[in-house]
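As a plain string of letters, each chain reads:
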Amino acid sequence: MEAHSVSPWVAVAYLIAGVCFILALRGLSSPATSRRGNRYGMLGMGIAVVTTLVTHEIASLPEILVAIAIGGGVGFVMARRIQMTAMPQLVAAFHSLVGLAAVLVAVAAFLNPEAFGILGADGNIMPVSRLEMALGVAIGAITFSGSVIAFAKLNGNMSGSPILLPARHVINLGTLGAILVLTALFAHSGAAGPGENPLFWIIVGLAFAIGFLLIIPIGGADMPVVVSMLNSYSGWAAAAMGFTLHNTAMIVTGALVGSSGAILSYIMCKAMNRSFLSVIAGGFGAEAGAGGGETQEQRPWKRGSAEDAAFLMKEAENVIIIPGYGMAVAQAQHVLREMADQLKKHGVGVKYAIHPVAGRMPGHMNVLLAEANVPYDEVFELEDINGEFAQCDVAFIIGANDVVNPAAKTDKTSPIYGMPVFDVDKAKTIFFIKRSMGGQGYAGVDNDVFYMDQTMMLLADAKKMVEDINKALAE
Amino acid sequence: MDFVSILSIFVLACFVGYYVVWSVTPALHTPLMAVTNAISSVIVVGALVASAASGSPVGKWLGLGAVVLASVNIFGGFAVTERMLAMYKKKDRK
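Residues numbered from 1 in each chain as written. Chains lettered and ligands numbered in written order. Predicted model: local features only at pLDDT ≥ 70, side-chain atom pairs only at ≥ 80, totals over all residues. Heavy atoms only, no water.

Visitor: Please clarify how the overall build of chain B should be interpreted in this entry.
Guide: The number of helices and strands found in chain B is 4 helices and 0 strands. When its helices and strands are written in sequence order, chain B yields α-α-α-α. For 94 residues, the compact-globule formula gives about 12 Å, and the C-alpha radius of gyration of chain B, at 18 Å, lies well above that figure. Here the C-alpha coordinates of chain B stretch approximately 65 × 30 × 15 Å along the principal axes. Taken over 94 residues, chain B has a buried fraction of 63%. A fraction of 63% describes how many contacts in chain B between residues 6 or more apart in sequence connect residues 24 or more apart. Of the roughly 3400 Å² of accessible surface on chain B, 72% is carried by carbon and sulfur atoms. (Helix = DSSP H or I, 4+ residues; strand = E, 2+ residues; numbered from the N terminus. Rg over C-alpha atoms; globule rule 2.2 N^0.38 Å. Buried < 20%, exposed > 50% of the residue type's maximum accessible area, 1.4 Å probe, protein only. Contact = heavy atoms within 4.5 Å. Areas by Shrake-Rupley, 256 points an atom, 1.4 Å probe, with all protein chains shown as cover.)

Next up, the structure:
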């Protein structure tokens, strides 16, 4: 009961922390206000932590400070050292930590409910709190194991291709159902003293398993949706623990983060014209790749050189650059910006066009271009720039494929049909950087753009090719 | 606080989240994920309470462990967001 008899100012302090978090997200509406937003976030976190330290009975302060110093030091060094291309992995790793922290807190609350003020008069944990802690621990565990798999796939520790278990839908639905039933039983059952009910541990175990099972069948390029979804889960886990603790800051934050992740997942799915369920069901790419194999015929295509590209772009009035995941893999963002600088010196207008699902997480390409010092007002979203391809002299595609495939507009049988794509086929000239003619995009579909009259394929590593173009431009 | 008032705060906060997040510019979606990740570590509040351990030594160590994990996220999340946001610049060269 300790936690509840404190002064109302404590509740106000947590509320202020919650408001700071809202302002942190609000700041991200434009790059100009974003850094102030981030400061609000830090302020809110500071208020929440200090309030808790001052008003709750805690372990000795030195112990807490050591724990914060260890964690904070590791986090800070990671944040400083990480390469921008590795941001998706880092975010996945961070999600897994939130998930695991939620599990630990829920287990601690289960073992020691008195400290959380959730012990009823009869010596049992209150039923509502049991429900909240079971949901919190389950969501936390799913977030943890799911994020570990997402991390391994993004980091290359594990193949990005889908791993399909037989009868996986039955197994997954069964496990999810079991978690829900056990949660209800746990909330209703009689024996619910501190640490008593074994159902709790079964829920934890099943939740770890389902997080793992849900993510293994999902392929690499669907990771933007997965990372967003896990982001959402980490929020819901925090909210559930906020219910247990009756803490406004945690509830507000959980709701913000939960909606944020959910909206990002929605945006990503829409940008691929696929339903959330079809992404979560997994297997995309594997099945399509197997089916599309037999209709391979040799079609004529033109190979261009770095000199061709340099010459034609120098003469152009405007160039639109379309970066994709391949640019991130090749680390070509810096040389690409040098190329744009050189073109600008020749009086060429340069713009960048970014598809919502380019890369491995929402906004991935924008960060990489920002890292390479590309001003953000030269970078455009799909719907803002798509009308300009008809007046564009050169479309320069680097490391993207499916997002420029006209089959999405014309071929009803294509697995990517209906996905919004760039109208590069309307540009006068297309340069398409690709490592070889063999590989196809993630969806495993052939791309008509390769064979168009105005297309020149630049077959090489993206970074190498752009460097060669830069040399040719400098001459 | 009773359950219903907590639930009201939660539901209203979901609506706030919905409108605030839709106003985030797509160019900043990666920093958005990094910062939401940092703030969801407010779960550290629960970890600190757990570390009190008036009854259970296991609970105390779980709490301290959770404090370490959440701190990685808090410092790492805000620092990496700051680093990314510092890179977004407007056109200022001629």
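Picking up where we left off.
Visitor: Got a minute to help me understand the interface of chain A and chain B in this structure?
Guide: Reports of interface size often rely on the accessible area that becomes lost once the parts have come together. In this complex, chain A contributes 104 residues to the contact, which on the side of chain B involves 80 residues. Summed over both sides, the interface between chain A and chain B buries roughly 8200 Å², with carbon and sulfur atoms accounting for 76% of that surface. Where chain A touches chain B, the interface holds 3 salt bridges. With its nearest N and O atoms 2.4 Å apart, the salt bridge here joins A:R39 to B:E82. Taken together, the residues of the side of chain A that touches chain B sort by class into 66 nonpolar, 25 polar and 13 charged. (Buried area = accessible area lost by both parts, 1.4 Å probe. Salt bridge = Lys/Arg side-chain N within 4 Å of Asp/Glu carboxyl O. Nonpolar A, V, L, I, M, F, W, Y, C, P; charged D, E, K, R; others polar.)

Visitor: What exactly am I supposed to notice about the packing of aromatic side chains here?
Guide: Where two aromatic rings form a pair, the distance of their centres and the angle of their planes describe that pair. All names here are of chain A. All chains considered together, the criterion is met by 15 aromatic pairs over all chains. Summarising the aromatic geometry, the rings of F110 and W201 are spaced 5.7 Å apart at their centres and angled 75 degrees between planes, so their arrangement reads as edge-to-face. In this pair, F110 sits in helix α4 (residues 87-111) while W201 sits in helix α8 (residues 199-215), placing the two residues 91 residues apart along the sequence. Of the residues examined, W201 reaches a relative accessible area of 40% and is grouped as partly exposed. (Phe/Tyr/Trp six-rings, centres within 6.5 Å; stacked < 30°, edge-to-face > 60°.)

Visitor: What exactly am I supposed to notice about the environment of A:A79 here?
Guide: Here A:A79 shows up in helix α3 (residues 61-81). Among the residues examined, A:A79 registers a relative accessible area of 1% and is labelled buried. Contacts of A:A79, omitting those with residues within four sequence positions, involve B:G76, B:A79, B:V80 and B:R83.

Visitor: When you look at helix α10 (residues 248-271) of chain A in this model, what are you seeing that I'm missing?
Guide: All names here are of chain A. In this model, α10 (24 residues) spans 34 Å end to end at C-alpha, consistent with the 34 Å of a helix rising 1.5 Å per residue. Counting buried positions along α10 yields 21 of 24 residues, so the element is predominantly enclosed. The backbone nitrogen of A249 has a side-chain oxygen 2.9 Å away, supplied by the residue at the start of α10, namely N247. Phi turns positive, to about 50 degrees, at N273, one or two residues after α10. (Expected span 1.5 Å × (residues − 1). Polar contact = N/O pair within 3.5 Å; in protein donor to acceptor, adjacent residues only side chain to side chain.)

Visitor: Before we go on, may I ask you to explain the environment of A:L28 in this structure?
Guide: All names here are of chain A. Mapping L28 onto the fold places it in the loop between α1 (8-26) and α2 (31-55). For L28, a relative accessible area of 2% translates into the label buried. C-alpha of L28 to C-alpha of N38: the two residues are 10 residues apart in sequence and 8.4 Å apart in space.

Visitor: I'm lost on the sheet that holds strand β2 (residues 349-354) of chain A in this one. Help?
Guide: Sheets are built from strands paired through backbone hydrogen bonds, the pairs being either parallel or antiparallel. All names here are of chain A. Strand order in the open sheet made by the 6 strands is β3-β2-β1-β4-β5-β6, with parallel pairing throughout. This sheet does not close on itself; its edge strands, each paired only once, are β3 (379-381) and β6 (455-459). Along the sheet, successive strands turn relative to each other by an average axial angle of 25 degrees, direction set aside. Of the strands in this sheet, β1 (318-323), β2 and β4 (394-398) touch helix α15 (residues 333-345), which is tilted by about 145 degrees from β2. Sitting on the sheet, helix α19 (residues 462-474) is in contact with β4, β5 (429-434) and β6, with an inclination near 145 degrees to β4. (Pairing = 2+ DSSP bridges. Axes fitted to C-alpha atoms, helices over the stretch in contact; angles between N-to-C directions.)

Visitor: In this structure, what is going on with the domain arrangement of chain A? I would like to understand it.
Guide: Partitioning chain A into structural domains gives domain 1 (1-81), domain 2 (84-280) and domain 3 (306-474). Summarising the inter-unit geometry, the C-alpha centres of domain 1 of chain A and domain 3 of chain A are found 42 Å apart. (Domains from an automatic or database assignment.)

Visitor: Looking at this model, I keep getting lost on the pairing of β1(A). Mind explaining?
Guide: Walk down a regular strand and you will see the side chains alternate between the two sheet faces. Residue and element names in this part refer to chain A. Most of β1 sits out of view: 5 of its 6 residues are buried. Relative to β4, β1 runs parallel, the two sharing 5 bridges. Across the sheet, the residue bridging to I322 is I397, located in β4.

Visitor: What should I look at first to understand the confidence of the model for chain B in this one?
Guide: Regions with low pLDDT should not have their predicted coordinates read in detail. Residues and elements named next belong to chain B. Chain-level statistics for chain B give a pLDDT mean of 89 and a share of 94% at 70 or above. By mean pLDDT, helix α3 (residues 44-50) is the weakest element of chain B at 90, and helix α2 (residues 29-39) is the strongest at 94. The ipTM value of the predicted complex is 0.93, and its pTM value is 0.88. (pLDDT = per-residue confidence, 0-100.)

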